[in-house]
Amino acid sequence: MATFGGDEVSALVLDVGSCWTRAGYAGEDTPKAVFPTSYGYIAEAETAAPNIDEDTIMKNVDSDAPKVQDWDALEKIWDHALDKRLQVDPTEHPLFVTEAAWNTREIREKLTEIAFEKYRVLAFYVAKNPVLSAFATGRPTAVVLDCGHSTTSCVPVVDGYVLKKGIYKQPVAGDFLSEQIMQQFQKLNINVEPHYLIAKKTVVEADQPAVVVYRDRPNTTESYHKYMQMRVIHEFKESVCQVFESTYNELVIAARPMKTFEFPDGFNTSFGVQRFDVPEILFNPPKFIMQPDRPSFDTKSMLGVHQMIYNSVSACDIDVRPLLLNNIILTGGTTLLPGFADRVNYELSMMLHGMKIKLHAPGNTIERKCSSWLGGSILASLGTFHQLWISRKEYEDQGAMIVEKKCE
Amino acid sequence: MTSNDVRDILELHSKPLNSTDNPTPSKKANKSEKEKKPDGIPRELFQLIGGPPPIAFVKPAFKAKPNLRKKAVHWEWQSFTNQGRGEDDQLTLHHWVKCTPTSESEDSGYWFAEYNKKIDILKYDDEEYEKYLTDKDWTKEETDYLFKLCDKYELRFIVIHDRYEYKERSMEDLKDRYYSVCKKLLQVRPPEGSDKGALIAMNTYDKAKEEKRKKHMCALYLRSPEEIKEEEALLEEYERIEQNEKKFAKERENLLKLLSFQELAQPKRKKSLLSGPTTPTMEVGNSNFHTSTEVPKKNRRTSASSVGSAVIEAEVHNAPITARKEKFPQGVVVRSSKIPLPKQTMILKVQKTLQEFGLGIDMINYICGPRPSIPTETVCARWVDLQKAIQTLLDVKKAVEKADHELKAKKALLQKIKQNGLGSASKSANSGDAGGKQSDVTASVSGDGGGGDESSVVPTKRERITLTTTPRDAKRARK
Ligand SMILES: Nc1ncnc2c1ncn2[C@@H]1O[C@H](COP(=O)(O)OP(=O)(O)OP(=O)(O)O)[C@@H](O)[C@H]1O
Ligand SMILES: [Mg+2]
């Protein structure tokens, strides 16, 4: 056991992303529980509903957004993970949580407080996502492009430390793509009816109107309907959309095979150029974003992901740049779009002539989606890590501010 | 807990990891497990026929059964404290520990604590700071801050620079300050028991040089594709020129060697002409003299005297150098086999020339080239000389032809340039440049002759020389 430096103390690892929450035991290679970071509640009672269904109001917990912190919601997610899913008594375990690289001191302190005050954990640690993603691929130094659900971020990591000056992030990721697809559908007059509304559907020819019997759901809240709609769109995105491997060229793309998608109501049609258009937003936002309904969304200042990597690397000292470029890690669900890695490689080699560029994108889907959980799992099961935990005593002596001192 | 640990608890020795305590059966079990049994063949039969034939007879072994009677290895959920953490911190964690008698006896603390290494950053006090470390650019407060960060991030200056919030500073500023403080401290209070000079050298930092280096690196990083292309083209050109130069230098050297060899060889040949004909018998005696060590001393002396001092003297003074250096292998050899072969590429040409002289026709041997018909020592020596002379002749001839050819080409080029006159300035400048470069090159090719025109004359003279010598040699050889 000592030979590989592992020493498991049955620590719990919790990674709350904006789309999925992953929870499990340190030392394992996949999280025991993966569930959506959303919950429903019943309006009058303002309490979490036991089951998510049509009359619950859906609430998405965005743990990364620095301002809009909904701590109650986050606690509900933690509750669910520890109580319902892992079914453990947190007082018996050290708890390891992941956080965004740009989290403020206040957020970190609050996290620490919740862990010790509410859950009374044995010991606590909070580590940054990109550092953990880098560890998950076995690298202490890397530049990590995380294109997940709510945010795309590019963060340089040197010797396990985040370089703050090189952090680039923007709210263009999986969720935004789905919203754009929704708009595209509206333009195409495609009505997305979620599964819960469909009682019976019949097979129809391509492009023919759906023949469908609906369920009657009069009390459905709007947020639930939207949530279920987005599910369909995520599915569409994950199965149909694709990134073009080199510079966007409509003529070449038009020659590519179309892909057919069947909506829950049975309506089915094929998508050609459209399925390349939306992911193109990731590489050329100003040109491809259809005006979003979000206010205060400055399309002009958005960067392509390759540009983010370039800026991020360029913000670091010249001596580490070659090393960083040699260790570019792609992680997050949205990087799973087919052609994503090829395109990043292509764009970067067009920008950085004569530099050696090497991308690392784990082929394993789970590794790509859960890389920060995985890094946490590895770290928290190392024998040498156990001196880094914030212990209850330390917390009691020094208060929540200790997190700034101990968790780098 | 990994599956390995579970296996361990249940005493299932199917992983090679544990095979040390129970080596043979588990290994064999592993092996037989690997060979897949095709369907329809009974296991026992497959054991007999399956797989490659065993090197030694092995008793068929099946997968070891878990020993369920034996008590399982005891693992315990034990608490531990980590002395790598602070002294008064009593974080108690738990882990599974295999309870073997040894592990209980050793109580040396947490196994991983020793990896809690910290580097030592030099410290200074107020007095020292006032006395030695003041700097007009740095306050004590800022220096303290820098040292705190150095300690926290263990001298990872990239990280330190990233987290530095005191004031806008370049990384070079930080490094410069840190290392100059360290150097000063080492000078005023050298640590005992270590090499002060080396330590100071280690803490020397040349800020200007570093800044310059970084600037160059940045320039390199920001190259545009055109610049890179240009650079690549230049590099290629440079390599080409260098290679050409090397080629020419080599050719020239070869030529010089050839020519100087000719000059050296001439007088030698005259000398060897004077020496009397040596007979094969003497050769035998000679080889005897060298090889038979068991001949009594007295006997040897007499045999030497019997050949005659005159002969020995003649051999000493007049025998060609080649003969003297000749080494005789033990046993009988055919002398003609010792004639060196001409260069592989020249073999046919040399042969042809020899045939022109009417030599070696009767003895044509396609493997080792022509041979003299009566290979006495002298004849062989002459033959070797002749072969060398022919090769030289051929080499020179080739060189002349090449020089001639190049000369013609250059002349044509010159003509062309002259005709074009002052057509376009840049173009003529370019080609003029190239011409200049190339004329240099021609000079180096025909280096022995001096000018282009002369070069074609000189070798012909040499040709004549060689031609005049060769027939004489040929006569000798034929004899
Ligand atoms: N195969 C796929 N193709 C395209 N997109 C995918 C695929 N799989 C997942 N996604 C998208 O990736 C997003 C989820 O990614 P991920 O799980 O990394 O996000 P997260 O970690 O929860 O969020 P964040 O890191 O932004 O807080 C979703 O928007 C999902 O639609
Ligand atoms: Mg994530």
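Residues numbered from 1 in each chain as written. Chains lettered and ligands numbered in written order. Predicted model: local features only at pLDDT ≥ 70, side-chain atom pairs only at ≥ 80, totals over all residues. Heavy atoms only, no water.

The name an unreviewed UniProt entry gives chain B is SWR1-complex protein 4, with Gigaspora rosea as the organism. You can read under Subcellular location (unreviewed entry) in the UniProt record for chain B the words "Nucleus". In its Sequence similarities (unreviewed entry) section, UniProt records this for chain B: "Belongs to the SWC4 family." (UniProt positions renumbered as here; feature names shortened; annotations may be inferred.)

By the naming in an unreviewed UniProt entry, chain A goes by Actin family and is assigned to Gigaspora rosea. What UniProt records for chain A under Sequence similarities (unreviewed entry) is the sentence "Belongs to the actin family."

Visitor: Sorry, what's going on with the site of ligand 1 here?
Guide: All names here are of chain A. The immediate surroundings of ligand 1 are formed by 21 residues, with Ser18, Arg22, His149, Glu238 and Gly333 found nearest. At 3.0 Å, a backbone N or O of Trp20 approaches an oxygen atom of ligand 1. Here Glu238 contributes a side-chain N or O atom positioned 2.7 Å from an oxygen atom of ligand 1. For ligand 1, whose free accessible area comes to 650 Å², the fraction covered by protein is 92%. (Near = heavy atom within 4 Å. Polar contact = N/O pair within 3.5 Å; in protein donor to acceptor, adjacent residues only side chain to side chain. Areas by Shrake-Rupley, 256 points an atom, 1.4 Å probe, with all protein chains shown as cover.)

Visitor: Would you mind going over unusual backbone geometry with me for this structure?
Guide: Phi is mostly negative for residues that are not glycine, and the peptide bonds are mostly trans. For Arg120 of chain A, which is not a glycine, the phi torsion comes out positive at approximately 50°. Tracing the backbone shows Arg120 of chain A in the loop between helix 2 (105-118) and strand 8 (123-128). We note that Glu154 of chain B has phi near 50°; this positive angle belongs to a residue other than glycine. Following the sequence through the fold, Glu154 of chain B ends up in the loop between helix 6 (140-152) and helix 7 (157-163). Look at Glu154 of chain B and you get partly exposed, because its relative accessible area is 24%. (Helix = DSSP H or I, 4+ residues; strand = E, 2+ residues; numbered from the N terminus. Buried < 20%, exposed > 50% of the residue type's maximum accessible area, 1.4 Å probe, protein only.)

Visitor: Quick question: what am I supposed to make of the sheet that holds strand 7 (residues 94-99) of chain A here?
Guide: Through backbone hydrogen bonds, the strands of a sheet pair up, either in parallel or in antiparallel fashion. Residues and elements named next belong to chain A. On the basis of which strands lie adjacent, the open sheet formed by 6 strands has the order 3-2-1-7-8-19 and mixed pairing. The open sheet is flanked by strand 3 (33-36) and strand 19 (390-391), the only strands paired with a single partner. Across 6 bridges, the pairing between strand 7 and strand 8 is parallel. What sits directly across from Pro94, in strand 8, is Ala123. Its contacts with the sheet place helix 2 against strand 7, strand 8 and strand 19, and it is angled at close to 150° to strand 8. (Pairing = 2+ DSSP bridges. Contact = heavy atoms within 4.5 Å. Axes fitted to C-alpha atoms, helices over the stretch in contact; angles between N-to-C directions.)

Visitor: Please clarify how the pairing of strand 3 of chain A should be interpreted in this entry.
Guide: In the case of a regular strand, side chains alternate between the two sheet surfaces. Residue and element names in this part refer to chain A. Side chains Ala33 and Phe35 of strand 3 all project onto a buried face; the interleaved residues Val34 and Pro36 project onto a face where none is buried. In this structure, strand 2 (residues 20-25) lies alongside strand 3, joined through 4 bridges in antiparallel fashion. The residue of strand 3 that forms the bridge with Arg22 is Val34.

Visitor: Explain the pairing of strand 16 (residues 268-271) of chain A to me, please; I cannot follow it from the model alone.
Guide: All names here are of chain A. With 4 bridges connecting them, strand 15 (residues 259-262) and strand 16 associate as antiparallel partners. Its bridge partner lying in strand 16, Phe261 is registered against Thr269. What sits between the antiparallel neighbours strand 15 and strand 16 is a turn of 5 residues, in which Gly266 has the positive phi angle 100°.

Visitor: Looking at this structure, how should I read the nonpolar core?
Guide: For soluble globular proteins, nonpolar side chains are generally found buried alongside one another. Phe185, Phe263 and Phe340 of chain A together with Tyr178 of chain B are the most contacted members of the largest nonpolar core, which totals 82 residues. Ranked by the residues each element gives to this core, the list is headed by helix 8 (residues 171-188) of chain B, at 7 residues. In contact with Phe185 of chain A, not counting residues within four places along its chain, are Ile190, Val192, Ile233, Phe236, Phe263 and Phe271 of chain A. By size, the runner-up hydrophobic cluster in this structure holds 53 residues, among which are Trp71, Val88 and Tyr125 of chain A together with Ala113 of chain B. (Core = buried A, V, L, I, M, F, W, Y, C linked by side-chain atoms within 4.5 Å.)

Visitor: What is the right way to read the packing of helix 6 of chain B against helix 8 of chain B from this model?
Guide: Between two packed helices, what matters for the description is the angle formed by their axes and the separation of those axes. Residue and element names in this part refer to chain B. Interaxial distance between helix 6 and helix 8 falls to 11 Å at its minimum, and their mutual angle equals 90°. Between helix 6 and helix 8, the angle is such that the two are roughly perpendicular. For the pair formed by helix 6 and helix 8, the contact residues are Thr143, Leu146, Phe147 and Cys150 on the first element and Leu174, Arg177, Tyr178 and Val181 on the second. Broken down by class, the residue content of the contact of helix 6 with helix 8 amounts to 6 nonpolar, 1 polar and 1 charged. (Parallel < 35°, antiparallel > 145°, perpendicular 65-115°, else oblique. Nonpolar A, V, L, I, M, F, W, Y, C, P; charged D, E, K, R; others polar.)

Visitor: It is not clear to me how the UniProt feature "coiled-coil region" (unreviewed entry) in chain B should be interpreted in this structure. Could you clarify?
Guide: This chain's UniProt record puts "coiled-coil region" (unreviewed entry) on residues 231-258 of chain B. Measuring from the first to the last C-alpha atom of residues 231-258 of chain B gives 40 Å, for a span that is 100% helix and 0% strand.

Visitor: Please clarify how helix 3 (residues 129-136) of chain A should be interpreted in this entry.
Guide: Every α-helix winds through 3.6 residues per turn, so residues three or four apart in the chain are directed the same way. All names here are of chain A. Counting buried positions along helix 3 yields 6 of 8 residues, so the element is predominantly enclosed. The complete set of buried residues in helix 3 reads Asn129, Pro130, Val131, Leu132, Ser133 and Ala134. Two residues or fewer after helix 3 comes Gly138, characterised by a positive phi angle close to 80°.

Visitor: For this particular structure, what's the right way to read the confidence of the model for chain B?
Guide: When pLDDT is low, close inspection of the predicted coordinates is not appropriate. All names here are of chain B. Overall, the predicted model of chain B reaches an average pLDDT of 68, with 56% of residues at or above 70. Ranking the elements of chain B by mean pLDDT puts helix 18 (residues 425-445) last, at 39, and helix 7 first, at 92. For the stretch residues 268-323, pLDDT sits under 50, and the model shows 30 contacts to residues farther than four places along the chain or on other chains. When the criterion is pLDDT under 50, residues 423-479 qualifies, and its contacts beyond four places in sequence or with other chains add up to 52 contacts. If you check the scores for this complex, the pTM reads 0.67 and the ipTM reads 0.85. (pLDDT = per-residue confidence, 0-100.)

Visitor: Sorry if this is basic, but what is going on with the pattern of salt bridges here?
Guide: Where charged atoms from two side chains of opposite charge approach closely, those side chains can pair. The tally for this structure, following the rule as stated, stands at 33 salt bridges over all chains. A salt bridge links Asp79 of chain A to Lys118 of chain A, with the nearest nitrogen and oxygen atoms 3.4 Å apart. Taken together, the residues span a long stretch of sequence, with Asp79 of chain A in helix 1 (residues 71-85) and Lys118 of chain A in helix 2 at a distance of 39 residues. For Asp79 of chain A, a relative accessible area of 30% translates into the label partly exposed. Of the residues examined, Lys118 of chain A reaches a relative accessible area of 39% and is grouped as partly exposed. One salt bridge connects Asp319 of chain A with Lys214 of chain B, and the closest N-O pair in it is separated by 3.8 Å. Linking Asp319 of chain A in the loop between helix 9 (305-314) and helix 10 (321-325) with Lys214 of chain B in helix 10 (residues 207-221), this pair reaches from one chain into another. (Salt bridge = Lys/Arg side-chain N within 4 Å of Asp/Glu carboxyl O.)

Visitor: Honestly, the interface of chain A and chain B in this entry has me stumped. Any pointers?
Guide: Interfaces are frequently sized by the accessible area removed from exposure as the parts join. Counting residues at the interface gives 45 residues for chain A, matched by 42 residues for chain B. Surface buried jointly by chain A and chain B totals about 3,500 Å² across both partners, of which 58% is contributed by carbon and sulfur atoms. Along the contact surface separating chain A from chain B lie 4 salt bridges. Across the chain A-chain B interface, the total number found is 9 residue pairs in polar contact (both at pLDDT 80 or more). For the side of chain A that touches chain B, the secondary-structure elements that each account for two or more residues are strand 11 (161-162), helix 9, helix 10, strand 19, helix 14 (392-398) and helix 15 (402-406) of chain A. Here the side of chain A that touches chain B is built from residues that sort into 20 nonpolar, 11 polar and 14 charged. (Buried area = accessible area lost by both parts, 1.4 Å probe.)

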